[in-house]
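# Coordinate analysis (summary)
Spelled out, the chains give:
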Amino acid sequence: MEINLLFAALATFVLNMPFGYIRHGFKKFSFLWFLAIHLPIPFVVLFRYLFGLGFQLYTYPVMVIAFFSGQYFGKRIRIYYEAKKQKN
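In this report, the structure presented in the accompanying data block is examined. The model shown is predicted, which means the values in this text are computed figures rather than measured ones. (Residues numbered from 1 in each chain as written. Predicted model: local features only at pLDDT ≥ 70, side-chain atom pairs only at ≥ 80, totals over all residues. Heavy atoms only, no water.)

Looking only at helices and strands, the chain has four helices and zero strands in total. The dimensions of the chain, computed from C-alpha atoms along their principal axes, are 45 × 25 × 20 Å. Taking contacts inside the chain between residues at least 6 apart in sequence as the whole, the part at least 24 apart equals 77%. Of the roughly 6200 Å² of accessible surface on the chain, 72% is carried by carbon and sulfur atoms. (Helix = DSSP H or I, 4+ residues; strand = E, 2+ residues; numbered from the N terminus. Contact = heavy atoms within 4.5 Å. Areas by Shrake-Rupley, 256 points an atom, 1.4 Å probe, with all protein chains shown as cover.)

To continue, consider unusual backbone geometry. Phi at Phe29 takes a positive value of approximately 70°, unusual for a residue other than glycine. By secondary structure assignment, the location of Phe29 is in the loop between helix H1 (3-23) and helix H2 (31-38). For Phe29, a relative accessible area of 66% puts it in the exposed group. (Buried < 20%, exposed > 50% of the residue type's maximum accessible area, 1.4 Å probe, protein only.)

Let us look at the environment of Ile22. Counting through the fold element by element, Ile22 comes out in helix H1. A relative accessible area of 40% means that Ile22 is categorised as partly exposed. The spacing of Ile22 and Gln86 is 64 residues in sequence and 18 Å in space, taken between C-alpha atoms.

All right, on to a nonpolar patch on the surface then. Residues Tyr21, Ile22, Phe26, Phe31, Leu32, Leu35, Leu39, Ile77, Tyr80 and Tyr81 make up a contiguous nonpolar surface patch of about 920 Å² in total accessible area. Elements supplying a minimum of two residues to the nonpolar patch: H1, H2 and helix H4 (59-87). Looking at where Tyr80 falls in the secondary structure, it is placed in helix H4. (Patch = residues over 30% accessible without salt bridge, like charges linked within 9 Å, V, L, I, M, F, W, Y side chains within 5 Å. Salt bridge = Lys/Arg side-chain N within 4 Å of Asp/Glu carboxyl O.)

Moving on, we get to the packing of helix H3 (residues 41-50) against H4. Running from N to C, H3 and H4 point in directions that differ by 140°, and their axes come no closer than 12 Å. In terms of orientation, H3 and H4 fall into the oblique class. Remark: the crossing between H3 and H4 carries right-handed chirality. Residues Ile41, Val44 and Arg48 of H3 lie in contact with H4, whose contacting residues are Thr59, Tyr60, Met63 and Phe67. Across the contact of H3 with H4, the residue classes tally to five nonpolar, one polar and one charged. (Axes fitted to C-alpha atoms, helices over the stretch in contact; angles between N-to-C directions. Parallel < 35°, antiparallel > 145°, perpendicular 65-115°, else oblique. Left-handed = near helix turned anticlockwise from the far one by under 90°. Nonpolar A, V, L, I, M, F, W, Y, C, P; charged D, E, K, R; others polar.)

Scope: geometric values only; no functional claims are made or implied.
This is the structure:
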């Protein structure tokens, strides 16, 4: 696996964490929820360009997993902090 692919996947993961955090605060399928999911996509395309990945087929599974993992872990962080806040 290319090192550039790993760096692009890591950047995608980190970029999507705040969007997942924000997305959890909106009603599911609302406009802002939809926006929180789709707004980072141009940046992911930019990462692919900056890291010289192109659009080879083998890169898609890694990038998609990084994208949705970042969204998921951002959501889990928000759930954790909300539960912690409710405890106090």
